[in-house]
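Examination of the molecular architecture
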Amino acid sequence: MRAKMEQKILSLAAERTANKLQEFLQTLKEDDAHHFPGSVLVELANEFVGAVKEGTLVTGKSLELLPIILTALATKKENLAYGKGELNGEECKKQLINTLCSSRWNQQYIIQLTSMFKDVPLTAEEVEIVVEKVLRIFSKLNLQEIPPLVYQLLVVSSKGSRKNVLEGIIAFFNELDKQHNEEHSGDKLLDLVTVPSSELRHVEGTIILHIVFAIKLDCELGRELLKHLKAGQQGDSNNLCPFSIALLLSVTRIQRFEEQVFDLLKTAIVKSFKDLQLLQGSKFLQNLVPHRARVSTMILEVIKNSVHSWDHVTQGLVELGFILMDSYGPKKILDGKIIETSSGLSRTSNQNACKLGARILLETFKIHEMIRQEILEQVFNRVVTRASSPINHFLDLLSDIITCAPLVLQNCSSKVTETFDYLSFLPLQTVQGLLKAVQPLLKISMSMRDSLILVLRKAMFASQLDARKSAAAGFLLLLKNFKVLGSLSSSQCSQSIGVSQVSVEVHSRYNSVANETFCLEIIDSLKRCLGQQADVRLMLYEGFYDVLRRNSQLASSIMQTLLSQLKQFYEPKPDLLPPLKLEACVLTQGDQISLQEPLDCLLCYIQHCLSWYKSRVMPLHQGDEEEEEGFYQDLDDMLESITNRMIKSELEDFELDKSADFSQSTSIGIKNNICASLVMGVCEVLIEYNFSVSNFSKNKFEEVLSLFMCYKKLSDVLSEKAGKGRTKMANKMSDSLLSMKFVSDLLTALFRDSTQSHEESLSVLRSSTEFMRYAVNVALQKVQQLKELGHVSGPDGQNPDKIFQNICDITRVLLWRYTSVPTSVEESGKKEKGKSISLLCLEGLQKIFSAVQQFYEHKIPQFLRALDGTDKEGEEEGEAGLSVTQRASFQIRQFQRSLLNLLSSQEEDFNSKEAILLVNVLSSLSKLLEPSSPQFVQMLSWTIKICKENNLEDASFCKSLMNLLFSLHVLYKSPVTLLRDLSQDIHGQLGDIDQDIEVEKTNHFAMVNLRTAAPTVCLLVLSQAEKVLEEVDWLITKLKRQVSQEPLSEEASSQATPPNDPTEKAIIVQLGTLLTFFHELVQTALPSGSCVDTLLKDLCKMYTTLTALVRYYFQVCRSSRGIPKNMEKLVKLSGSHLTPLCYSFISYVQNKSNGLTHTGEKKKKTAAVSTAMARVLRETKPIPNLIFAIEQYEKFLIHLSKRSKVNLMQHMKLSTSRDFKIKGNILDMVLREDEEDEDEEGTATEHGRQNKEPAKKKQKCLS
């Protein structure tokens, strides 16, 4: 019976007739195939394999028989005839699978063939063969055929080879994405593109879902994915790509892997930013490491791709965005300023990671409608719940979201109005940011606006000061952004309002007349602020000025309010001195004295409102409304009267003369300080007012100068009287009230105005050097505010465009003044104390160049054009004609000439402050040069020449110049040769640790002399050497990871890193040159202190890096590759030129410490010696670490010698014994010395007792 069945199977298999075979399959399954003889099974299997090879399969259904045959065959233990030899069943199965996988598969049956293997018991090797075969087929299939094949492959991967499956899928789609992007970005026609984007993304999305489903069933697959991507992240592999990132984000839906995936992505993002920053700062690294795609770019590409129904990715994207913003946003607030807790490289990386998080959320919000509600809820929750932490980054994100889709947010109005309820409890800064962000919504949602007004009205009556300030800020924002009929258009306003504007402005619901009623109601509510604390009033005055320019129809109401407020503190009688009631501005509550009315600020904003009204509104309403002329005429008359009476007033009239009490410890002193600040502020306001209405009248300028003299007298009294204990309020009020626009106009008039008709009047102001110095000082103060806060005090201080325009004008004037009147010329005839005007101008320029690069990087071309005077005229020609590098180079040449003139002066005339400022200016401007440009090379050559030719014993100047030299040099090439030359100079100047050796002076750089060599230059070169070691260490780590990822086979390993690898060669050259650098320094007689401490630490890092390189070659030696000759030379150099000298240097340091200890005993450890001892302990602390590093290096050298069969230790001397053995002869000698000392002390004490017997008891008592 069985023989008949076997015959039937063979005949059916030979005929390969699908229908008959299909009928018979069921019968066979029911029967026990394991009972068939092995020869029959082999013959049957060969028939199937042959059919696959020849492509003669009629249907894939017949393949269901093959797993049964192979499974049965694997159980046969006896030897079976196979080919020309004999194999047991398991080996036959392996050969059959090999043959099957090496043959060509018909595209029609690929999925069935792959699926078949899930039912066959496979060894790890067999699984690998199958997986490799299927992965090779991917490229031959149509896109739509790949997802089902991947699904079957993932099922097979449960038997093993998971890593290969994942690697293959990720690599295939990464390559496909690259080809796709090249096709779309190239010059090819669109109809030649092989695959449409949507089809590719849908296929990728399906495959990601398949993998995630497989991971849910097989956790080992998920662990393998994370392991694979972590390994790629550490090395140079392309594992992280848009496809793999999308896959990871989808895996976050599996709770078990969520935290691990986000940690992996966070690490990858920050590492990517750090690597990029390291590369940008080093030409040496740029030449060795190819440019790679950034992880941030890949993530943004994932967001773009996710539009194709990748719903499984969006949740992960949102979570990643918030994790980045939470983890890497600013951390602490101190006195209103955000404090960065991290430093250097990590600070910038953290900032970039936080910005990326915000970008991810914004882009996801734009694309995916379903996730918008969640993003908004999370942003609002963070704004409300994190009051004590900085949340500016979340407010900026909210503002961007609302700007891009204001109408969409109407659906989320409930969340916005819910947030409004918390306004009273939030810090003022948060409230202002939040209201600015939601301002576009208030224009299109009446209900939202009404909810806000209710909240603000309640807050206006709150007991907390911050709540009332928030209410004032909210009402003022509403006033600014609801236009009243007849107001000037935005184009006519003197500034654009600094809040987000939306293209959709819906005013149809409430017309301009309704807006006017609404605005007048708000002004009535705000009048309540006029009776509140000074901070609230100040906010109101500043806000009214912004409102006035936005809603000119409210001018009458606002000006009348300000006028009535001023009248409370104004003395109407024209002969009464002083003209203002200062007493009423100060509030006394028991012992507490505080400012009640910021009168100077009230006057300041009144004069600005008046000036704007007269220049912008009155020309449009000439003769129309006579009653309105009353308030501005009244204000003009009052300001004139105050001016005249302030000039006539003496300090005694204010009770603020030299005899007055200005101490901070008494209530009268505090009150006088407040009054003095108010008087000085009023003087400044009147200076600006009179200058603006002067029309270059000589009389007016004389009044300006008289007001300044009043200001100066009081300022001098305060400087003389006020000690260190100024209160915060006094410091706050010391900020100048002059507007930045006025400072710009004043400086232009003083220094650049050459109009003949203005000459006589301006000579009045120019005759006072003090006044001109004051004007420049105020400009410096404004620029310093910009650097610290990002804005300036006073009108237009929050408008970036206005500030930038003023900065350009001020810079042009300061630059002209400094280059036209050199400091040396000015100081030769100077009698006054304080800095010269030219030096102040230079200080201003240094601050401005730094601030512009910090806040206006995108406007640098415009800024440089403004300095050339081509900002408006010929702007297009300038844009096309001269690059930023060329314009910056022109400015650099001016400052180079100034520095050369300074250096060529007599040594006693050398101005160190000016020289340092000039170097700082050159340093700022050099950042604008393109490193590959000839101008950059010229700048570097010039700096080297200055350092080589000038022998100045000024440590601060030397430090600035050397910092400039290194900052330029690293962007041109590695600074190791420069470090070597400098180390030789230091050695020559300071001498050798062996006093008998006379060192030949090299004099590469004249700037290195006895005064500057240590600690200044020494610490700078050591710091630079540390950076070079970091770069080398980074490269070695990269190489080690490359090697660890390569297969162990000799061919692959030797091909992976060729013997003449440029990176290896560069590392060895760097370390060799650094070794000669340290060779010089360890022989140098460095003074005790930071130099010795830093050198010991850097030597430790040098040996750690050498050890890392040795360990890398230990890995490399697994292949047939040996150690390159230059590595052998490096080891020889370290053994002969560094290690022995390190031990000598250690002995030198310890001998110095022993000498100090001995001295300390003799002098009974006085305070000075105790300090010296503490320093010695600090210096000797790194010695054990250095010895350990040297011994570790030698240990791994021994291992490498054994592995490579090269004797690397032949040039290494045995390390000094450090076994702490007690040497008896030395111990005896020390004990004898101690006994002698005790005898001497005993004799001295006895003498003391005999001479001073009466004092004995007293001494005993004291002791």
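Above this text you will find the structure in question.
Given the structure is predicted, the values throughout are model-derived calculations rather than measurements.

Okay, the nonpolar core next. Judged by nonpolar contacts, the single largest core of 290 residues is most densely connected at Leu526, Phe895 and Phe957. The element that contributes the greatest number of residues to this core is helix α45 (residues 1013–1045), accounting for 16 residues. Phenylalanine 957 has contacts with Leu899, Leu903, Phe910, Ala915, Ile916, Val919, Leu952 and Met1007, leaving out every residue within four places of it along the chain. Counting residues in each nonpolar core, the second largest holds 96 residues, with Val52, Leu166, Ala214 and Leu221 among its members.

Here we come to the side chain of histidine 758. In this fold, histidine 758 is placed in the loop between α32 (740–751) and α33 (759–766). The contacts of histidine 758, once residues within four sequence positions are left out, are Phe696 and Asp753.

With that out of the way, let us pick up the environment of glutamate 125. The residue glutamate 125 is located in helix α7 (residues 124–137) in this model. For glutamate 125, a relative accessible area of 46% puts it in the partly exposed group.

The two faces of a sheet get side chains in turn, since along a regular strand they alternate between them. Only one face of strand β6 (residues 592–595) is covered, namely the one carrying Ile593 and Leu595; the face carrying Gln592 and Ser594 has none of its residues buried. When strand β5 (residues 586–589) meets β6, the two strands line up antiparallel, connected through 4 bridges. The residue of β6 that forms the bridge with leucine 587 is serine 594. What sits between β5 and β6 in their antiparallel hairpin is a turn of 2 residues, with glycine 590 showing a positive phi close to 65°.

Residues leucine 577 and proline 578 are joined by a peptide bond in cis, for which omega reads -10°. Its place among the elements puts proline 578 in the loop between α26 (555–567) and β5. The residue after alanine 1014, namely proline 1015, is reached through a cis peptide bond having omega 0°. By the element assignment, proline 1015 lies in helix α45. The backbone phi angle of serine 161 is positive, close to 60°, even though this residue is not glycine. Within the secondary structure layout, serine 161 lies in the loop between α8 (146–157) and α9 (162–185). Located in the positive-phi region is lysine 1205, a residue other than glycine, with phi close to 60°. Tracing the sequence through the fold places lysine 1205 in the loop between α51 (1182–1204) and α52 (1224–1251). On the basis of relative accessibility, which here comes to 72%, the residue lysine 1205 falls in the exposed class.

About the cut-offs
- Residues numbered from 1 in each chain as written.
- Predicted model: local features only at pLDDT ≥ 70, side-chain atom pairs only at ≥ 80, totals over all residues.
- Heavy atoms only, no water.
- Core = buried A, V, L, I, M, F, W, Y, C linked by side-chain atoms within 4.5 Å.
- Buried < 20%, exposed > 50% of the residue type's maximum accessible area, 1.4 Å probe, protein only.
- Helix = DSSP H or I, 4+ residues; strand = E, 2+ residues; numbered from the N terminus.
- Contact = heavy atoms within 4.5 Å.
- Pairing = 2+ DSSP bridges.

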